[in-house]
Structures are given as C-alpha cells and as structure tokens.
Amino acid sequence: MISLNGSSFVKNSISGVSMTQSRSLKVSVRRPMVVAMVNSNGKPERNVGVDGAVKDVNAPVAVEVEDSDGKKPIAVVGGGVEDVYGEDTATEDHFITPWSVSVASGYSLLRDPHHNKGLAFTEKERDAHYLRGLLPPVVVNHDLQVKKMMNNIRQYEVPLQRYQAMMDLQERNERLFYKLLIENIEELLPIVYTPTVGEACQKYGTIFKNPQGLYISLKDKGKVLEILKNWPQKKIQVIVVTDGERILGLGDLGCQGMGIPVGKLSLYTALGGIRPSACLPITIDVGTNNEKMLNDEFYIGLRQRRACGKEYAELMDEFMSAVKQNYGEKVLIQFEDFANHNAFDLLEKYRTTHLVFNDDIQGTASVVLAGLISALKLVGGSLADHKFLFLGAGEAGTGIAELIALEISKQTDAPLEETRKKIWLVDSKGLIVRSRLESLQHFKKPWAHDHEPVKDFLDAVKTIKPTVLIGSSGAGQTFTKEVVEAMSSFNETPIILALSNPTSQSECTAEQAYTWSEGRTIFASGSPFAPVEYNGKVYVSGQSNNAYIFPGFGLGLIISGAIRVHDEMLLAASEALAEQVTQEHFDNGLIYPPFTNIRKISAHIAARVAAKAYELGLASRLPQPENLVAYAESCMYSPKYRNYR
C-alpha cells in the first residue's frame, strides 16, 4: 500500500470520480511489483516497479485508490494505447507534469550516462534491469568498446567533428568516455582541450545540443544559491568557472566560453582522478562585447554589452558566497579565462577567504617553471644565472615571472625585489620600464626596472640579451626569424617557449624555432606541434600544457582537505613535475615527460602539494597519510564498469 498526498488532485477526477477536497489517498496495486503514478488529469502517468524500474506504460495494470476515511476503493484501470502523460489531450496553455524516477532501469538506464554500459551489460544485468530486447544480443567487453570508439573517431578528418563525437560519448556513456580518454590521452588531449576546444567555443551556439554545467547570468541576481541547488550532484569538490571574456587567445566569447570549464573538468577526472560527479562547470554570463556573437542568431547567451564595475562585482560576490554556503569551505574554485583586470582582482579578493586557484596565472606559471628547472639540466647553471624576457605582460606573463622570482628567492635567499630584476617584460607599448610606472596597471608595476624605453620587441631582445625567451602574448608569429636568430647569436642553446594558445596564436611554430636556430634551441609550446626534421635529425618539442599541473594540484588540495592555496604549493608542484623528466627524455630534447604516464605524474604532484599543505598547517584531513603518493593513487577515480545487482 502506498500513500500519496492528494492535495494536487483537488477538483480533479480519477476515472471519472470527482474529488472535491484535499485528502490523503492510499494506492494499492493488484499486479505485483508495479505502481501506477496518477497525474492531475486522473490518468496513470507511468508504471514504476518497487525497485524503481519503469515498466511498459501500455501494459495492463489495475490500481485501487482508497481515501483516508477508509471508504470504498475506487478502481482505476491503466494501460492500453492512451495518452498516459496527458500531453496529447492538454492544450498548449495547460501544464503537464514531467515525472521521473530515481532508480535507473530499463530504457531509462540506457539513457543515463553515469550508469550506461551499452553493449557491455551482462546477460544477468539485462534480465535484472529489464534490458532484455532493448539491446542487440551480443555482449562486448570494455576494451572492445574503446577500440571501436577510437576507430570511429579516427574516421573524422575535421578536429571539431572529433570533438563533437567525444562530447556525444560523454553524454551517452561516461565511463567509456573517460577510459577512452585516459588510454589515448596524447591523441585525444588536443581534441577535448586546446587547440580544438577554442574552435568549439567559437561555434558553441551552433553545435550546442545538451546543456553541461550551470549558467548564471545577470538575470539571476539574488537567485544564485537557488541555482546551485538545482544541480543534481551535492558533493562538489571542484568548480571551474569562467565569464568568457578571454577565451584562450580568441578574446571575448561570452556565454560560449562554457567549453573551457567542461574541457578542464574532463581533464580533472581523466588526468587527476577527481570523480565526475564531484566536478561542476559554471559560466557567469554578464554579456559580451563581441559584436559577431551579439549578431549571431545561434548565440546562446545574453544579448547585451558586457557588464562591469559594481554590477559585475555584486554578481561575483553573490556567487562566491553561495558556493561557500552550499558546498562548504573546501570546495576548490578555479577561475578560468577571465580578462586581466578581473582575473587579478578576483584572485586577490578571495584568496584569503576561499580555496581559489587561477590556472591562467598560477597553473601556467607552475608548468613553465617546471620546464625551466628541467631545461637547466641541459644548458647548465641555476635560475639565478639566467636572464628572462617575456613578450606579454598579462595574467600568464606576470604569473610566470612572479613564480620564477619566488623560486630564485627561495634558492638564493635574495629578496624578492632583487630577484625580479632578472626578469623583463614587454607589453603592447614596449619594454616595461620605470619611466612608464604611473601609466602601468598594478600587476605590471613590480616589473618596471630602470632602463631607457624600448618600443620594438626585436630591439628589446637585442638590448636585454635574454637566455630565456617566453611568449604569452596571444599574438601569433611574433617570434620572427630575426628574433630567433638574435637569440641564437648570443646563446649557444637558447630556451624559447611559445606558450600562446590555440596553435594559430602561437608566437612561432616548432619548425620555425628549430630551423631558424639551426637546431640549437630548446623549444616548448602551449599547443602541440608535430616532430620536426632538420639536417637529418628529428626534434620532438615539449608541450608546456597546464594539464600537467592543475589536475594533480587539485587532487593534492582535495586529499589533504586544504582550505587555502599558498604560493609554496605551486613551487612544490613545479619541482615534482620536473623530477618526472628522466635522462631518456633529456636525450630526446624533452623538458616535459610524455602524457602517457600523466596519472602517475599527477599522483606525485598531488602528494607533494598535500605534503606542503600539511607543512603549512593548511590541511584539514587528519591524520596525514604515511604514503601520500599511494594515498593519492587510491583516491583516483577509475572508469572501469561496475557490476550491477
């Protein structure tokens, strides 16, 4: 016997019997194991098994409805070909009820990406969960599914089509998606993330099918907490949030920047082992200044100019407060692809009150520092022996510069103000020098050194004579032949890092760097490049990809229960990554390890970050595990299929 609250049935009828007052109803089912859910039109909505399984809505079922006064039962007979949802008989202005069930079984199980196995359901599972006949008779294993999917994806020649195929798989079979990604990470990383994700964001409105993550817009002010509670998963550990103003090197893409949080969190799971259900992608939509987006009929965001100032700050403050209230102190909030003026302000404002991390500022800095530490084993000397010149003085450039200065200070015990003098930055107006101090944005001021103004970048290279050249400008082809040749003229082995994404925005290509330096440079880039053959030798360039750092970094914060991010954690992550580069890698000219072992690398990074959190007194998960590497590996999500009862 099952009780239903009858208040929603006031003045409605059940099989023609009028009910004029709210009352408690008891429903008994004559057919075993099946309950008919009754809608506001007095008709059975669907038949639900006691185990939660949805049965055939057209199968005959008899239901008795008895009121709380114990009066004579009313017979309700469902089944047959009829409008069980009330949709066909309702006019367009009538409301219908979107019923759902909590336990996936039968047809609904095949549409549940968290539990669907496709053809890998066993014979026993097909019987137990009402799948018999809903699938072809063959049973295949997980490995064969991976092989089939890779064959299918390789049929597509256009990267965006491969991206769409991967996203479709993620929405259809979550565990197969992650197994496929983990086992083919080097091939699929450029598809699910940079550079392909950039094109996906540009065309997000056109390729949009099913929403992923949460969208919070200016229209939702005062309701942010309510929106967070709409998300079905309650135990969130990592949030990646963007406002879409500076997507990679592509500029303001507004609401369509959602592809970035979705892609980042896929890597948190695949590379760092964070459970998919613990990840939440969010886009804050405050409009866009991109005229092309505003005029695009398929654009999915607010059609207005981008809000700023007080209106923007109030929405962000409400969001940050709501996240902390809903998910607690230890949820990691990763800011992603915010424009410079907001990125620095948000990080500075919330770093003392929330567990926040900006991948563009801190993650990029950590992975570049790791590459430089590795490169020193090839060129010799310490960081303090080198001179650094940056093209680009935004989030990435100043973030990298600051972390390099911190590491030099740590190694030499020199004041940070002194170690910064080894680092020079060039922005759109030329070399950042002290005479420009009054007109500089606050995050550029620490890098204004005593020097005469230099407007041209090539002149800056020739004047400063750096040993390390780093591009974070977002401007493609700015490391010209003259620039690379100049670097090679006063360095036996110049270090050149072209970090801007996507590939079209890279400061130079791998082929250009090796050719123009006559094969002498140590080169790494933000987006991947194919191996280059020069003078009979094959050069394999490294990829200075943030995916080396942020998944393991986030895992380390989670397993330690860290409540704040400290700069020393970033240094620890850099050192841990650099230690994973072996002599074999150095012999091949690599300054980063291959991605094939990325989950083990992430575990080592997580362990080092967690150890630093415990050392600094910022960890809340006590006692500290004895073997943090083993503990990190044990906490990682596995995409292997589970057996169902």
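All residue numbers refer to positions counted from 1 along the written sequence of the respective chain. Given that the model is predicted, a residue must reach a pLDDT of at least 70 before its local features are reported, and side-chain atom pairs must reach 80 or more before they are shown or counted; all residues, however, enter totals for whole chains, interfaces and linings. Note: side-chain values were computed over all heavy atoms of the structure, leaving out hydrogens and water.

1. A few points about the overall build of the protein chain
What counts is decided by this rule: Secondary structure elements follow DSSP: runs of H or I of four or more residues count as helices, runs of E of two or more count as strands, with numbering from the N terminus. The cut-offs for exposure are 20% and 50% of the maximum accessible area for each residue type, with area from a 1.4 Å probe on protein chains only; residues under the lower value are buried, those over the upper are exposed, and the others partly exposed. Pairs of residues are marked as contacts when any of their non-hydrogen atoms sit within 4.5 Å. Note on areas: Shrake-Rupley, 1.4 Å probe, and residue coverage restricted to the protein chains presented here.
For the protein chain, the helix and strand inventory stands at 24 helices and 22 strands. Within the protein chain, the proportion of its 645 residues that are buried is 55%. Counted over contacts in the protein chain with a minimum sequence separation of 6, partners at least 24 positions apart contribute 69%. Accessible surface computed for the protein chain: about 28,200 Å², of which carbon and sulfur atoms make up 50%.

2. Looking at the UniProt feature "binding site: a divalent metal cation" (unreviewed entry) in the protein chain
Quick note on the threshold: UniProt positions are given in the numbering used here, feature names are shortened, and annotations may be inferred rather than shown by experiment.
Under the feature "binding site: a divalent metal cation" (unreviewed entry), the UniProt entry names E336, D337 and D360. Across 25 residues, the annotated set stays spatially compact, with a maximum C-alpha separation of 6.8 Å. Ignoring any residue separated from it by four or fewer positions in sequence, one finds E336 in contact with Y193, V240, V241, T242, D243, I260, K264, D359 and D360. Among the secondary structure elements, D360 is positioned in helix 14 (residues 359-379). Not counting residues up to four positions away in its chain, the partners in contact with D360 are R246, F335, E336, D337, F338, E395 and A396.

3. So, the UniProt feature "active site" (unreviewed entry) in the protein chain
Going by this rule: We define a polar contact as two N or O atoms separated by no more than 3.5 Å, with the added condition that, inside protein, one atom must be a possible hydrogen donor and the other a possible acceptor, whereas residues neighbouring each other in sequence contribute only through side-chain atom pairs.
According to UniProt, the positions carrying the feature "active site" (unreviewed entry) are Y193 and K264. The greatest C-alpha distance among the annotated residues, which extend across 72 residues, is 7.4 Å, indicating that they converge on a single site. With respect to the secondary-structure elements, Y193 resides in the loop between helix 6 (185-192) and helix 7 (196-202). In this structure, K264 sits in helix 10 (residues 259-272). By relative accessible area, K264 is classed as buried at 2%. What K264 contacts, discounting residues up to four positions off in sequence, is Y193, V240, Q334, E336, D359, N546 and F550. At a separation of 3.4 Å, a polar atom in the side chain of K264 contacts the side chain of Y193.

4. Here we look at the pattern of salt bridges
Condition: Every case where a carboxyl oxygen of Asp or Glu lies within 4 Å of a side-chain nitrogen of Lys or Arg is listed as a salt bridge.
In total, this model carries 35 salt bridges according to the counting rule given. Close ionic contact of K410 with E575 constitutes a salt bridge, the shortest N to O distance being 3.0 Å. On the criterion of sequence distance, the pair formed by K410 in helix 15 (residues 395-412) and E575 in helix 21 (residues 567-578) is long-range, its members being 165 residues apart. Residue class for K410 comes out partly exposed when judged on its relative accessible area of 44%. Its salt-bridge partner being D450, residue R434 comes within 3.1 Å of it at the nearest N-O pair. Residue R434 is found in the loop between strand 16 (430-431) and helix 17 (457-464), and its partner D450 is found in the loop between strand 16 and helix 17; the two are separated by 16 residues along the sequence. It is possible to trace a salt-bridge network through shared partners that takes in D243, E245, D252 and R306.

5. Some points on the packing of helix 3 (residues 142-154) against helix 4 (residues 159-172)
What counts, and what does not: As a rule, the C-alpha atoms of each element are fitted with a line to give its axis, helices using only the stretch in contact, and angles between N-to-C directions run from 0 to 180 degrees. Roughly parallel covers angles under 35 degrees, roughly antiparallel covers those over 145, roughly perpendicular covers 65 to 115, and oblique covers all other angles. It is the rotation of the near helix from the far one that decides the hand of a crossing: anticlockwise by less than a right angle makes it left-handed, clockwise makes it right-handed.
Where helix 3 contacts helix 4, the axes come no closer than 9 Å and their chain directions differ by 150°. Here helix 4 runs roughly antiparallel to helix 3, going by the angle between their axes. In this structure, helix 3 crosses over helix 4, and the sense of that crossing is right-handed. Between helix 3 and helix 4, the contacting residues are M149, I153 and R154 on the first element and R162, A165, M166, L169 and R172 on the second.

6. What about the environment of I563?
Structurally, the position occupied by I563 is in the loop between helix 20 (550-560) and helix 21. The partly exposed category is assigned to I563, whose relative accessible area is 29%. Remark: the alpha-carbon pair of I563 and T352, spanning 211 residues in sequence, is separated by 9.5 Å. Apart from the residues within four sequence positions on either side, I563 is in contact with E329, K330, H354, L355 and L618.

7. Some points on the packing of aromatic side chains
By convention here, two paired aromatic rings are described through the distance between centres and the angle between planes. To keep it simple, the criterion reads: In this scheme Phe, Tyr and Trp rings, the latter by its six-membered ring, pair at centre separations within 6.5 Å, and the angle between planes marks the pair as stacked below 30 degrees, edge-to-face above 60, and tilted otherwise. Note on criteria: charge over ring means Lys NZ or Arg CZ within 6 Å of the ring centre, with the direction from the centre no more than 35 degrees off the ring normal.
Overall, the coordinates contain 14 aromatic pairs when judged by the stated rule. On the numbers, 4.9 Å between centres and 25° between planes, the contact of F357 with F553 is stacked. With F357 in strand 13 (residues 356-358) and F553 in helix 20, this residue pair connects regions lying 196 residues apart in the sequence. Comparing F357 with F553, the two get one shared label, buried. Taking 6.5 Å as the distance between ring centres and 50° as the angle between the ring planes, the aromatic pair formed by F523 and F529 counts as tilted. Among the aromatic residues, those joined into a ring-pair cluster are Y514, F523, F529 and Y539. Directly above the aromatic system of Y644 lies the positively charged group of K117, at a separation of 4.4 Å from the ring centroid. The residue whose ring lies beneath R420 is W447, and the NZ or CZ to ring-centre distance is 5.7 Å.

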